[in-house]
Amino acid sequence: MQRRLVLLTPLAAALVATGCASVPSQRLNTGHWDAFNRAQIEGLIASLGKSSPGYNAARPPYVVFDWDNTSVFLDIEEASLIYQLENLVFGATPAQLEVALRKNIPKKDFLPAYNNAAGQPVNIDRVVPDIVASYTWLYQNYSGLKGSQPLAAVKLSPHYIAFTTKVRFLYEAIGDTFDHDTAYPWVTYLFAGMTEAQVRKLTAATVAWQLKEPVAKVKWTSPAALPGQAGVVSVSWKNGLRLQPEMQELYAAFRNAGFDVWVCSASFVDVIKEISSNPAFGYNNPPERVLAMELERDADGVIQPEYRHGYDQTQGPGKTKNIQRFLVSKYGYGPSFIAGDSEGDQNMMADFADTKKVLIVNRLRDPKTDIGKFSAMAVQNYGKPDTRYLLQGRDDNTGQWVASQLHTPLGATQGKALK
């Protein structure tokens, strides 16, 4: 018999198809949820979870969450990069780092937005020699690498500022200039020479540090005293990663109702394993239930700057491919719920007939993209119990959700539902 989805309002009790389920076990705290979204998800849990008449523990429903800007506010991979740079947590020699920096990056100039302060174009061949030269100095002088000076001392060198700024600049320039297949794995190659334990330690330290940082835009500029071949460049990004209480609770609610919970992320697998499973961070997701970017490792488990052979990247169509390969093959059916925020999630949001509800964390996506169209559908069908797409608002000034569909960008005072 086909299961029926029964809507539970947040204000009143409701029953599942047979009328025998206990509603309190399905309820989510109000938090900053949009009330309609919360009710729809409560209804999904009630209709498919272990209190429903059709539940079979041997064939449980399962759900898939994106991580960055979905399960948390901001991007843990990007935050880890900043921590890695600021604290010089690297395992690569200068020669190994150069291999990682150049990996699969075309030699064409970056977009004009990434021209240097003199208005000149920058490309991989101009900026990598600068980065490697500064890293070589740091590598030979910092006690955490092969030198003898403390971090505070090497931070006084223009090489430190040049290195940190130009690596972060390169990350941004690659991401905006080249396709996702080229750009997404690149940042993971900077873990070359490290082990899983080292990456997980780095991740935990990143989260602890970020939670104390203000939510704000940060800008770095490389030193004029050390222009190198690329010249003086600047880069800015959003700082202040936050854990998302509503998502922490939702992970637990699905698990408690007998759903299997999975994360499918375009960040590096060891980073996601740590932040999603560490009890200190509140998601308590088993590390073995993570699908994410994979790199080759040597016999000692040391990470290599090479994407893992035979594995699809966990972004865009690759998310669907990984879900099909590892989850549909395991369960025999698709996920009943998916959550995401970006173009990297839009394929998995649409590709599975078994998916009943899709939660989109609103970041005002381009209306020409599929996720932009899904967001518009969520606005158009708001309040209709049979809608597939749910749009959840967020205020980027606080890092918190808001109880509506509206997104407020950092620096803005008013939110809107669509771009």
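None of these values were measured; they are calculated from a predicted model.

Residue-level account of the overall build of the protein chain, with values.
A count of helical and extended segments in the protein chain gives 13 helices and 15 strands. Radius of gyration (C-alpha) of the protein chain: 23 Å, near the 22 Å computed for a compact globule of 419 residues. The principal-axis extent of the C-alpha atoms belonging to the protein chain is close to 70 × 50 × 35 Å. Burial statistics for the protein chain: of 419 residues in total, 54% are counted as buried. Per element, the accessible surface of the protein chain, about 16,900 Å² overall, is 51% carbon and sulfur.

With reference to specific residues and values, describe the sheet that holds strand β6 (residues 260–268).
Read across the open sheet, the six strands follow the order β7-β6-β1-β10-β11-β12; overall the sheet is parallel. Each end of this open sheet is capped by a strand with a single partner; those strands are β7 (290–293) and β12 (389–392). Direction aside, neighbouring strands of the sheet carry axes that sit 15 degrees apart on average. Examined bridge by bridge, strand β11 (residues 357–361) and β12 share four bridges and lie parallel to one another. When the bridges of β12 are listed, L359 appears paired with L390.

Report on the pairing of β6, specifying residues and quantitative values.
Most of β6 sits out of view: nine of its nine residues are buried. Of the strand pairs in this sheet, strand β1 (residues 62–65) and β6 are connected by four bridges, and their pairing is parallel. Across the sheet, residue F65 finds its bridge partner in β6, namely V263. Here three bridges tie β6 to β7, and the two strands are oriented parallel to one another. Bridge pairing in β7 places F268 opposite M293. Note that the unit made of β6, helix α10 (residues 269–277) and β7 has a crossover that is right-handed.

For helix α4 (residues 124–141), give the residues involved together with the corresponding values.
With 18 residues, α4 ought to run about 26 Å at 1.5 Å a step, and its terminal C-alpha atoms sit 26 Å apart, in line with that. Every buried residue of α4 is listed here: I124, V127, V128, D130, I131, V132, S134, Y135, L138, Y139 and N141. The inward-facing, buried residues of α4 contact α3 (94–102), α5 (151–154) and α6 (158–177). The backbone nitrogen of D125 lies 3.0 Å from a side-chain oxygen of the residue at the head of α4, namely N123.

Talk me through the side chain of D260; I want residue IDs and the actual numbers.
Inspection of the secondary structure assignment puts D260 in strand β6. On the basis of relative accessibility, which here comes to 13%, the residue D260 falls in the buried class. Polar side-chain contacts of D260 include one of 3.4 Å to the side chain of R289. Not counting chain neighbours up to four residues away, the residues in contact with D260 comprise P60, P61, Y62, V63, R289 and Y331.

Tell me about the packing of helix α8 (residues 196–210) against α10, and name the residues and values.
Remark: α8 packs on α10, axes separated minimally by 8 Å, with the N-to-C direction vectors making an angle of 50 degrees. Considered as vectors, α8 and α10 are oriented oblique to each other. Read as a crossing pair, α8 and α10 show a hand that is right-handed. Judged by residue contacts, E196, V199, R200, T203, A204 and V207 of α8 engage D270, V271, K273, E274, I275 and S277 from α10. For the contact of α8 with α10, a count of residues per class yields five nonpolar, two polar and five charged.

So what's going on with the environment of P94? Which residues, and what values?
Summarising the element assignment, P94 is placed in helix α3. Beyond its immediate chain neighbours, meaning those up to four positions away, P94 contacts V132, Y135, T136 and Y139.

Describe in detail the sheet that holds strand β13 (residues 394–395), supporting the description with residues and values.
Read across the open sheet, the three strands follow the order β14-β13-β15; overall the sheet is mixed. Because the sheet does not close on itself, it has two edges, and the strands there are β14 (400–401) and β15 (407–408). Bridging between β13 and β14 involves two bridges; their strand directions are antiparallel. Within β14, the residue paired with D395 across the bridge is Q400.

Pulling in residues and values, what's your account of helix α9 (residues 245–256)?
Given a rise of 1.5 Å per residue, twelve residues ought to cover 16 Å, and the 16 Å separating the end C-alpha atoms of α9 matches this to within 8%. Within α9 the residues assigned to the buried category are E246, M247, Q248, L250, Y251, A253 and F254.

Give me the lowdown on the side chain of Q405, citing residues and values where you can.
With respect to the element layout, Q405 can be found in the loop between β14 and β15. A distance of 3.3 Å separates a polar side-chain atom of Q405 from the backbone oxygen of A378. Apart from the residues within four sequence positions on either side, Q405 is in contact with D34, N362, A378, V379, Y382, L391, Q392, G393, K416 and A417.

Let's hear about the packing of aromatic side chains: which residues, and what values?
What the rule picks out here adds up to 25 aromatic pairs. Where F90 meets Y135, the ring centres are 5.7 Å apart and the plane angle is 70 degrees; that geometry is what we call edge-to-face. Of this pair, F90 sits in the loop between α2 (76–86) and α3 while Y135 sits in helix α4, and the two are 45 residues apart along the sequence. For the pair shown, F90 and Y135 are each scored as buried. Arranged with centres 5.1 Å apart and planes meeting at 45 degrees, the rings of F254 and F337 form a pair that is tilted. Of this pair, F254 sits in helix α9 while F337 sits in strand β10 (residues 337–340), placing them 83 residues apart in sequence. For the residue pair F254 and F337, the accessibility class agrees, reading buried in each case. Here the aromatic residues F65, W67, Y251, F254, F259, Y283 and F337 are joined through ring pairs into a cluster of three or more. Above the plane of the ring of Y311 lies R325, whose end atom (NZ or CZ) is 4.6 Å from the centre. If you follow K330 out to its NZ or CZ, it ends over the ring of Y331, 5.4 Å from the centre.

Conventions adopted
Residues numbered from 1 in each chain as written. Predicted model: local features only at pLDDT ≥ 70, side-chain atom pairs only at ≥ 80, totals over all residues. Heavy atoms only, no water. Helix = DSSP H or I, 4+ residues; strand = E, 2+ residues; numbered from the N terminus. Rg over C-alpha atoms; globule rule 2.2 N^0.38 Å. Buried < 20%, exposed > 50% of the residue type's maximum accessible area, 1.4 Å probe, protein only. Areas by Shrake-Rupley, 256 points an atom, 1.4 Å probe, with all protein chains shown as cover. Pairing = 2+ DSSP bridges. Axes fitted to C-alpha atoms, helices over the stretch in contact; angles between N-to-C directions. Right-handed = clockwise from strand over helix to strand, strands pointing away. Expected span 1.5 Å × (residues − 1). Contact = heavy atoms within 4.5 Å. Polar contact = N/O pair within 3.5 Å; in protein donor to acceptor, adjacent residues only side chain to side chain. Parallel < 35°, antiparallel > 145°, perpendicular 65-115°, else oblique. Left-handed = near helix turned anticlockwise from the far one by under 90°. Nonpolar A, V, L, I, M, F, W, Y, C, P; charged D, E, K, R; others polar. Phe/Tyr/Trp six-rings, centres within 6.5 Å; stacked < 30°, edge-to-face > 60°. Lys NZ or Arg CZ within 6 Å of the ring centre and 35° of its normal.

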